[in-house]
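The residues making up each chain are set out below.
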Amino acid sequence: MKKIIFALFISILVLSACTEETSTNIIKTEDIEGLISSTIETAEKHDVSKFEEYELESVIDGDTIRIKYNGSSEKVRFLLVDTPETNHETLGEQPYGPEAKEFTKQLLAGQDTVYLEFDVSYRDKYKRLLAYIYTKEGISVQEQLLKNGLARVAYIYDPNTKHVDWFKSIQKTAQQSAIGIWSVEDYVTNRGYDKNVYYAALKEGNQSNIVEDKSNTNNNKGRCEIKGNINSKGNKIYHIPGQRDYDNTKAEEMFCTEEEAEAAGFIPAKQ
């Protein structure tokens, strides 16, 4: 039977919180900080020079922030992703919602401004701004939420589909690794998240609807030792510990598994 191994931000989940009315998770700030530190160090840095910079006011949820836009305070909904809720009028708090919010909050900590990449349409039916969000260092917030199993690809509506294939590729890797929201089978649905399935899985503990969570935690952080390097010819090659050139290879990106490296377009070193 499969057993559940919680990610760093889930390892201290209160098991008594198996009822819908009870808060699902307690987060250790130092654990989230460790994940953020790893993310900042290894995340791909995108060119934000052509994007628009705005003053960041606050983080509302895992997938929503508030910025100063043309002199007004406005909400920005992250395009093409959906994180679990933290304080929804009807859905309440969903598992991994607080973790997603805390992750976004800490990833943007110290950022006075954020960079927004707009797609074709700027607003949704609720008049919220829609955008892809980046830090000043060029880290894609959506990319990292998906990579760490804290969001699903969702709300794919034409014409705002610029990064849908990229995001789906990241999500696929997280699914295969059973990270975060993907650690409980059928918790993620086409409509959102089913916390009844999540709580039932926790109660059963070792039943087949619990899958192993292979998240990059502080406990297994050392496993993310695969070095991704781009050589002078532009070839993307990854090196595994023990290979001849591993120690001398400069890591431009780090991976936890070979599958993750290959999903990012890297090929294995010959020696």
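Residues numbered from 1 in each chain as written. Predicted model: local features only at pLDDT ≥ 70, side-chain atom pairs only at ≥ 80, totals over all residues. Heavy atoms only, no water.

**Student:** What's the story with the pairing of strand β6 (residues 129–134) in this structure? I'm lost.
**Tutor:** Regular strands place side chains that alternate from one sheet face to the opposite one. Of all six residues making up β6, six are buried, and the element is well covered by its neighbours. With burial as the criterion, each face of β6 is covered, one bearing Leu-129, Ala-131 and Ile-133 and the other bearing Leu-130, Tyr-132 and Tyr-134. Summarising the sheet, strand β3 (residues 72–78) and β6 pair through three bridges and their orientation is parallel. Pairing of Phe-78 across the sheet is with Ala-131, part of β6. (Buried < 20%, exposed > 50% of the residue type's maximum accessible area, 1.4 Å probe, protein only. Helix = DSSP H or I, 4+ residues; strand = E, 2+ residues; numbered from the N terminus. Pairing = 2+ DSSP bridges.)

**Student:** What exactly am I supposed to notice about helix α4 (residues 164–176) here?
**Tutor:** Each full turn of the α-helix corresponds to 3.6 residues, which orients residues three or four apart in the same direction. Over its 13 residues, α4 extends 18 Å from the first C-alpha to the last, a length consistent with the 18 Å expected when each residue adds 1.5 Å. Among the residues making up α4, those that are buried are Val-164, Phe-167, Ile-170, Gln-171, Thr-173 and Ala-174. Considering only its buried residues, α4 is in contact with β4 (81–82), β6, α3 (141–147), β7 (152–153) and α6 (258–263). Of the residues one or two after α4, Ala-178 is the one with positive phi, at around 55°. (Expected span 1.5 Å × (residues − 1). Contact = heavy atoms within 4.5 Å.)

**Student:** Would you take a moment to explain the packing of aromatic side chains for this structure?
**Tutor:** Centre-to-centre distance and the angle between the planes together describe a pair of aromatic rings. With the rule as written, the count across this model stands at eleven aromatic pairs. Ring geometry for Tyr-198 and Tyr-199: centres 5.9 Å apart, planes at 80°, overall edge-to-face. One exposure class covers both Tyr-198 and Tyr-199, and it is buried. Members of the aromatic cluster, connected to one another through ring pairs, are Tyr-96, Tyr-187, Tyr-193, Tyr-198 and Tyr-199. When the ring centre of Tyr-155 is taken as reference, the NZ or CZ atom of Arg-152 above it lies at 5.9 Å. (Phe/Tyr/Trp six-rings, centres within 6.5 Å; stacked < 30°, edge-to-face > 60°. Lys NZ or Arg CZ within 6 Å of the ring centre and 35° of its normal.)

**Student:** Honestly, the nonpolar core in this entry has me stumped. Any pointers?
**Tutor:** In this structure, Ile-65, Ile-67, Leu-116 and Ile-133 are the most contacted members of the largest nonpolar core, which totals 52 residues. It is β6 that provides the largest number of residues to this core, a total of six residues. Discounting residues that sit within four places of it in the chain, Leu-116 has contacts with Phe-51, Glu-52, Tyr-54, Ile-67, Val-76, Ala-131, Tyr-132 and Ile-133. Grouped together as the second largest cluster of nonpolar side chains are five residues, Ile-226, Tyr-238, Phe-255 and Phe-266 included. (Core = buried A, V, L, I, M, F, W, Y, C linked by side-chain atoms within 4.5 Å.)

**Student:** For this particular structure, what's the right way to read the sheet that holds strand β11 (residues 267–268)?
**Tutor:** Remark on secondary structure: sheet strands pair via backbone hydrogen bonds, oriented parallel or antiparallel. Ordered in space as β10-β8-β9-β11, the four strands form an open sheet in which the pairing is mixed. Here the strands that pair on one side only, and so sit at the sheet edges, are β10 (253–255) and β11. With two bridges joining them, strand β9 (residues 236–239) and β11 adopt parallel strand pairing. By the bridge assignment for β11, Ile-237 is matched with Ile-267.

**Student:** Explain the layout of surface pockets here, please?
**Tutor:** Taking a probe equal in size to a water molecule and rolling it over the atoms shows the remaining empty space. As a volume, the largest pocket reaches approximately 1,100 Å³. Lining the largest pocket are 38 residues, with Arg-77, Glu-85, Tyr-126, Arg-128 and Tyr-155 positioned closest to its centre. When contributions to the lining of the largest pocket are tallied by element, the ones reaching two or more residues are β1 (52–61), β3 and β4. It is β3 that contributes the most residues to the lining of the largest pocket, three residues altogether. In terms of residue class, the lining of the largest pocket is built from twelve nonpolar, eleven polar and 15 charged. (1 Å grid on protein atoms, 1.4 Å probe; cavity = no way out; pocket = protein on both sides within 12 Å on 5 of 7 lines; lining within 4 Å. Points joined across faces, edges and corners; volume = space filled by probe spheres on them. Nonpolar A, V, L, I, M, F, W, Y, C, P; charged D, E, K, R; others polar.)

**Student:** How should I be thinking about unusual backbone geometry in this particular structure?
**Tutor:** Of all residues except glycine, most have a negative phi; of all peptide bonds, most are trans. Asp-158 connects to Pro-159 through a cis peptide bond whose omega is 5°. Following the sequence through the fold, Pro-159 ends up in the loop between β7 and α4. For Leu-80, which is not glycine, the phi torsion reads 70° and is therefore positive. The backbone of Tyr-155 shows a phi angle near 55°, a positive value even though the residue is not glycine. The topology assignment puts Tyr-155 in the loop between β7 and α4.

**Student:** I'm lost on the side chain of Lys-227 in this one. Help?
**Tutor:** Note that Lys-227 resides in strand β8 (residues 226–230). Of the side chains with opposite charge, Asp-247 comes closest to the buried, unpaired Lys-227, at an N-O distance of 5.4 Å. Reaching out from Lys-227, the side chain makes a polar contact with the backbone oxygen of Thr-249 at a distance of 3.2 Å. Not counting the four nearest positions on each side in its chain, Lys-227 is found in contact with Ile-237, Tyr-238, His-239, Tyr-246, Asp-247, Thr-249, Ala-251, Glu-253 and Met-254. (Lys, Arg positive; Asp, Glu negative; His and termini not counted. Salt bridge = Lys/Arg side-chain N within 4 Å of Asp/Glu carboxyl O. Polar contact = N/O pair within 3.5 Å; in protein donor to acceptor, adjacent residues only side chain to side chain.)

**Student:** Is there a simple way to explain the confidence of the model for the chain in this structure?
**Tutor:** Should pLDDT be low for a region, the predicted coordinates there are not to be read in detail. Of the residues in the chain, 82% reach a pLDDT of 70 or more, and the chain-wide mean stands at 82. Throughout residues 1–29 the model reports pLDDT below 50, and contacts reaching past four residues in sequence, or to other chains, amount to 77 contacts. Low pLDDT, under 50, characterises residues 214–223; the stretch is placed with 24 contacts to residues that sit more than four places away or in other chains. (pLDDT = per-residue confidence, 0-100.)

**Student:** Any chance you could explain the pattern of salt bridges here in plain terms?
**Tutor:** Side chains that carry opposite charge are capable of pairing whenever their charged atoms lie near each other. Overall, the coordinates contain eight salt bridges when judged by the stated rule. The salt bridge involving Glu-74 is made with Arg-123; its shortest N-O contact spans 2.7 Å. Taken together, the residues span a long stretch of sequence, with Glu-74 in strand β3 and Arg-123 in the loop between β5 (113–117) and β6 at a distance of 49 residues. You can call Glu-74 buried: its relative accessible area is 16%. Judged by relative accessible area, which is 32%, Arg-123 ranks as partly exposed. A salt bridge links Asp-82 to Arg-77, with the shortest nitrogen-to-oxygen separation between them at 3.5 Å.

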